[in-house]
Every structure is written in C-alpha cells, then in structure tokens.
Amino acid sequence: MDTPQPYQGVLDSDMVSRIRRNHGLEHATLHMLSRQFPNQALAGYSYPGGFWLVGNVSTETVQLAVEEALQRMLNGEHNLAVHPGCGTNYLTSGVLAGLAGGLAMLGAGKRVRDRLERLPLAFALATLGIIVSQPLGRILQERVTTDGVPGGLHVIEIMRYEQGRLVLHRVRTRG
C-alpha cells in the first residue's frame, strides 16, 4: 500500500486538482502540436477553468490536438502530462542554482576580493544544482504540478484571440 504524501490533501483539493489536470492536458496538447509543428514557438498557461495556448496555429488544429491529447490520456498515456519545456523545470533549475550559488558565498567575507575568489565555487555549485534539477523538475511535474489522469475533464469551448502577431487560444474545460 502506498504511503500518503504529506501534501496529498492539498493536491486533491478540487481547485488544485483541476489546475493539475488542465496542466497535464495543456502539456499533452503541446506534445501533439509540437509533433506537427516542430519549429513553431508554442507555450501554455493553465488555470482551474482550462488553459491558454500561445502560438500561431489555427483553431481547428488546436481543437484536433486537444481532442487527440485528451483521448490518448484517457487511454492510459499519462506520461503526456510531463513536458520538457514546463516552467516547473525552469523554476527548479533557477531555485537550485540560486541556492547553490548563495551557499558558496556564505562566509566569504565583506571584501570584494573575498567574494570574487569564491566565484569558481559558486559556478561549480550552481552547475551541480542545474544538473540535479533535471530529474527533479520532471519528478515535481509527475507528482505535484500536473496530473496525467484527466478523469472527467472535458473541453467545453476553444476561443481564439489575436493581438497583432500574437495568437492565443483559450481552452475552457469542465469536470
């Protein structure tokens, strides 16, 4: 039997669960779109009511990608919820590198020279932090920031917005 995680209650709350499932569907949709448009700049942002997609693709293409992503997740491809370009990965890298660099400067003294002499150590520890962050960011996505099991999640509407060259799609969900 699995041991419950101390944060599990928070992750199971209705609002957080919706965000995590939408985040998973957003990532799965980005996987589908990236396969079709490998050189297209795409991004997303999830919230309890769905997610936003940023990228110059047609609404029909977005709709087909969302439908395929949701169906594949419902059929057991839960790994589609994890994406290498997720902000969780970048945040994890930044936090670990920053903490490691800060740790290197502890006790360095007040003189500029003392701090400059610690820079090689700061660079080495920050690099180590980035290396460690690679698997950790993925683990955080899998266990905390996304959910690859959409449950009763379904798409109710996809709306396109354009502002100059910026193209956004708002994907609204329920469930």
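Below is a summary of the structure that appears in this document. None of these values were measured; they are calculated from a predicted model.

**A short note on the layout of surface pockets**
Put simply, the largest pocket is a space of about 230 Å³. E26, H27, L30, G44 and G85 are, among the 15 residues lining the largest pocket, the residues nearest its centre. Elements represented by at least two residues in the lining of the largest pocket include exactly α2 (14-36) and β1 (43-47). Residue composition of the lining of the largest pocket, grouped by class: six nonpolar, eight polar and one charged.

**Remarks on the side chain of T61**
Summarising the element assignment, T61 is placed in helix α3 (residues 59-74). Classification of T61 as buried rests on a relative accessible area of 16%. If sequence neighbours within four positions are ignored, T61 has contacts with L33, Q36 and F37.

What counts as what
- Residues numbered from 1 in each chain as written.
- Predicted model: local features only at pLDDT ≥ 70, side-chain atom pairs only at ≥ 80, totals over all residues.
- Heavy atoms only, no water.
- 1 Å grid on protein atoms, 1.4 Å probe; cavity = no way out; pocket = protein on both sides within 12 Å on 5 of 7 lines; lining within 4 Å.
- Points joined across faces, edges and corners; volume = space filled by probe spheres on them.
- Helix = DSSP H or I, 4+ residues; strand = E, 2+ residues; numbered from the N terminus.
- Nonpolar A, V, L, I, M, F, W, Y, C, P; charged D, E, K, R; others polar.
- Buried < 20%, exposed > 50% of the residue type's maximum accessible area, 1.4 Å probe, protein only.
- Contact = heavy atoms within 4.5 Å.

This is a description of form; function is not addressed.
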